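Structural overview
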Amino acid sequence: MNANDELRIKKLLQQALPPVEDNPEPGRDLWPVVLRRMDARPVAPPWFDWALVAGLAAFAAFFPASIPVFLYYL
Amino acid sequence: MRNGSIDVLNDFRQGDIAAFETLFRLHQRAVYGWILRIVRNPAAAEDLTVESFWRIHRAHARFQPSRGFEAWARRIATRAAFDWLRIQHPETELPVGLQAPATADPAISGEIRRKTALAFYRLPPKLRVAAVLAVIEERPHKDIAEALGISVAAVKLRVFRALRLLRKDLGEQGITP
């Protein structure tokens, strides 16, 4: 892709997706929502998540050669 | 309201809610605007602003006042926006709030603009974030690199790859830029 192609695609992109206006503001006061979010109790992971973690750990312990393969696809 | 002095930053680091509110009031517009530029959906940007400030509060003990609040907040906001983009399904319709530019080039039809926008939303999120900030919003590469936690060269590479993929996608639709 040469410089001209790049410029043409940039121009097309700017026409298709106009930039956001300067200094946009949220439509409401978000502070009360932040406070509610901070007060919310953290959701405990369901038991099957722990079972999955335990299963993966056991699999990794029995088949350590699978660890790099697993990390590669992560 | 106290300004963004080092006292406020230090108090925030200690977990002081009043200091956190001060910083929230000072930076919420900037954080919201940054997220909106990435996700281009006002409702999602509001939710992600809340999520970002919640993450910011949760990480207050790791904050380093000497490095400043804004860049740190922007980095956390970018991560939140990126997480949101990753769980979105491939776009078949344009996002809410997307409008044609006020100074639309008459040589480019509405249909081409729509196809270009859809092709853009099909890009991998990593490339899309770099391209939207660098090409559409024309933010400095240095700011983008800081927000993404990568080098300026890596930003340029992602933008180049995004434009190349976009050209390929448009070419397959019979659109030659």
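Counting its regular elements, chain B contains eight helices and zero strands. Counting helices and strands in the order they occur from the N terminus, chain B gives α-α-α-α-α-α-α-α. In chain B, which comprises 177 residues, the share counted as buried stands at 35%. Sequence-distant contacts in chain B: of pairs separated by 6 or more residues, those separated by 24 or more amount to 64%.

On to the overall build of chain A, then. A count of helices and strands for chain A gives four helices and zero strands. Secondary structure of chain A in N-to-C order comes out as α-α-α-α. Radius of gyration (C-alpha) of chain A: 24 Å, far over the 11 Å computed for a compact globule of 74 residues. On the principal axes, the C-alpha backbone points of chain A span a range of 55 × 50 × 15 Å.

All right, on to unusual backbone geometry then. Although it is not a glycine, Asn23(A) sits at a positive phi angle of roughly 50°. Here the phi dihedral of Arg40(B) falls at roughly 55°; this positive angle occurs in a residue that is not glycine. Structurally, the position occupied by Arg40(B) is in the loop between helix H2 (17–39) and helix H3 (42–58).

All names here are of chain B. Along its sequence, chain B is organised into domain 1 (1–89) and domain 2 (106–177). Once you take the C-alpha centre of each, domain 1 and domain 2 turn out to be 25 Å apart. Taken together, the contact pairs nine residues of domain 1 with 10 residues of domain 2. Taken together, the elements giving at least two residues each to the side of domain 1 that touches domain 2 come down to H2 and helix H4 (70–87). Examining the composition of the side of domain 1 that touches domain 2, we find that seven residues originate from one element, H4, more than from any other. Taken together, the residues that form the side of domain 1 that touches domain 2 break down as four nonpolar, one polar and four charged.

Residues and elements named next belong to chain B. Within the largest apolar cluster, 50 residues are counted, with the highest numbers of intra-cluster contacts made by Ile-35, Phe-120, Ala-130 and Ala-131. With 11 residues, the top contributor of residues to this core is H2. Split by domain, this core shows at least three residues from each of two domains, domain 1 (1–89) and domain 2 (106–177).

Before going further, it helps to spend a moment on the environment of Ala117(B). Of note, Ala117(B) is situated in helix H5 (residues 110–121). The sequence separation of Ala117(B) and Leu166(B) amounts to 49 residues, and the corresponding C-alpha distance is 9.8 Å.

Bringing the packing of helix H1 (residues 6–13) of chain B against H2(B) into the picture now. Residue and element names in this part refer to chain B. It is at 7 Å that the axes of H1 and H2 come closest, and there the two elements cross at 125°. As the angle between them shows, H1 and H2 are arranged oblique. Crossing angle aside, the handedness with which H1 passes H2 is left-handed. Of the residues in H2, those touching H1 at Val-8, Asp-11 and Phe-12 are Ala-19, Phe-20, Thr-22 and Leu-23. Class assignment for the residues of the contact of H1 with H2 results in five nonpolar, one polar and one charged.

Once that is clear, we can look at the interface of chain B and chain A. Across the contact, 33 residues belong to chain B and 26 residues belong to chain A. Elements that contribute at least two residues to the side of chain B that touches chain A include exactly H2, H3, H5, helix H6 (125–136) and helix H8 (152–172) of chain B. Examining the composition of the side of chain B that touches chain A, we find that eight residues originate from one element, H2(B), more than from any other. Classifying every residue of the side of chain B that touches chain A by side-chain character gives 18 nonpolar, six polar and nine charged.

Rules used in this analysis
- Residues numbered from 1 in each chain as written.
- Chains lettered and ligands numbered in written order.
- Predicted model: local features only at pLDDT ≥ 70, side-chain atom pairs only at ≥ 80, totals over all residues.
- Helix = DSSP H or I, 4+ residues; strand = E, 2+ residues; numbered from the N terminus.
- Buried ≥ 20, exposed ≤ 12 C-beta atoms within 10 Å, placed from the backbone.
- Contact = placed C-beta atoms within 7 Å.
- Rg over C-alpha atoms; globule rule 2.2 N^0.38 Å.
- Domains from an automatic or database assignment.
- Nonpolar A, V, L, I, M, F, W, Y, C, P; charged D, E, K, R; others polar.
- Core = buried A, V, L, I, M, F, W, Y, C linked by C-beta atoms within 7 Å.
- Axes fitted to C-alpha atoms, helices over the stretch in contact; angles between N-to-C directions.
- Parallel < 35°, antiparallel > 145°, perpendicular 65-115°, else oblique.
- Left-handed = near helix turned anticlockwise from the far one by under 90°.

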